[in-house]
Amino acid sequence: MLLTTWILAGVRASAMGAAMLLTLHAAADPMRLDEMRIAGHDAVDPAVRRFTAKVTGVGQASKAGRTSTLRFEPIGPGMVAPKRNEMRGWRLTFIRGKMFGKTLWLKSNTPDELTVRNTDPSMEGVAVGDIVVIELIDPKLVDANA
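About the criteria used
- Residues numbered from 1 in each chain as written.
- Predicted model: local features only at pLDDT ≥ 70, side-chain atom pairs only at ≥ 80, totals over all residues.
- Heavy atoms only, no water.
- Pairing = 2+ DSSP bridges.
- Helix = DSSP H or I, 4+ residues; strand = E, 2+ residues; numbered from the N terminus.
- Contact = heavy atoms within 4.5 Å.
- Phe/Tyr/Trp six-rings, centres within 6.5 Å; stacked < 30°, edge-to-face > 60°.
- Buried < 20%, exposed > 50% of the residue type's maximum accessible area, 1.4 Å probe, protein only.

**Student:** Teacher, can you tell me more about the pairing of strand 5 (residues 69-74) here?
**Tutor:** Each regular strand displays side chains that alternate between the two surfaces of the sheet. Across five bridges, the pairing between strand 4 (residues 50-58) and strand 5 is antiparallel. Its bridge partner lying in strand 5, Val58 is registered against Leu70. As defined by bridge partners, strand 5 adjoins strand 8 (residues 113-116) across three bridges and the pair is classed as antiparallel. Bridge assignment links Thr69 to a residue of strand 8, and that residue is Thr115.

Right, dumping it as structure tokens:
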């Protein structure tokens, strides 16, 4: 009886140790899927060109009440102002602010201003301090006439 109790205690301790090691291993490195990294709920390809920026101003609304431009400044490591129309056809996603999660597509850009396509919704509600990420999703899909 004493031997059985001693063996069972050893088995329990081994099982707990294995569970703890498995937990540490799972938390130590993000899961990879074909060289893609998991970030939140999206698979993020590290080779995708992306740009992060903070909104510093919002353009004037047109006569129809549509706002299609915003001023920005680059934020984050390695971010520098883009060249004119370098981001034409790139996807703009709001990651902070009233328009959180909304996606628009760029028609043009200057080093400090972004303009979205006329077919996209108005940027009404964008405020100074909102954060955006701009990504070149698929370079083959970039429309030179965007």
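**Student:** Where do I start with the environment of Pro74 in this structure?
**Tutor:** Mapped onto the elements, Pro74 comes out in strand 5. Pro74 sits 23 residues away from Phe51 along the chain, and the two C-alpha atoms are 7.5 Å apart. Apart from residues no more than four positions distant in its own chain, Pro74 is found in contact with Phe51, Thr52, Ala53, Met79, Val80 and Ala81.

**Student:** Would you take a moment to explain the packing of aromatic side chains for this structure?
**Tutor:** Two measures describe an aromatic ring pair: the distance that separates the ring centres and the angle between the ring planes. With the rule as written, the count across this model stands at one aromatic pair. Summarising the aromatic geometry, the rings of Phe51 and Phe72 are spaced 5.7 Å apart at their centres and angled 85 degrees between planes, so their arrangement reads as edge-to-face. Remark: Phe72 occurs in strand 5 and Phe51 occurs in strand 4; sequence separation between them is 21 residues. The same class applies to Phe51 and to Phe72, which are both buried.

Function-wise, these values are silent; they only describe arrangement.
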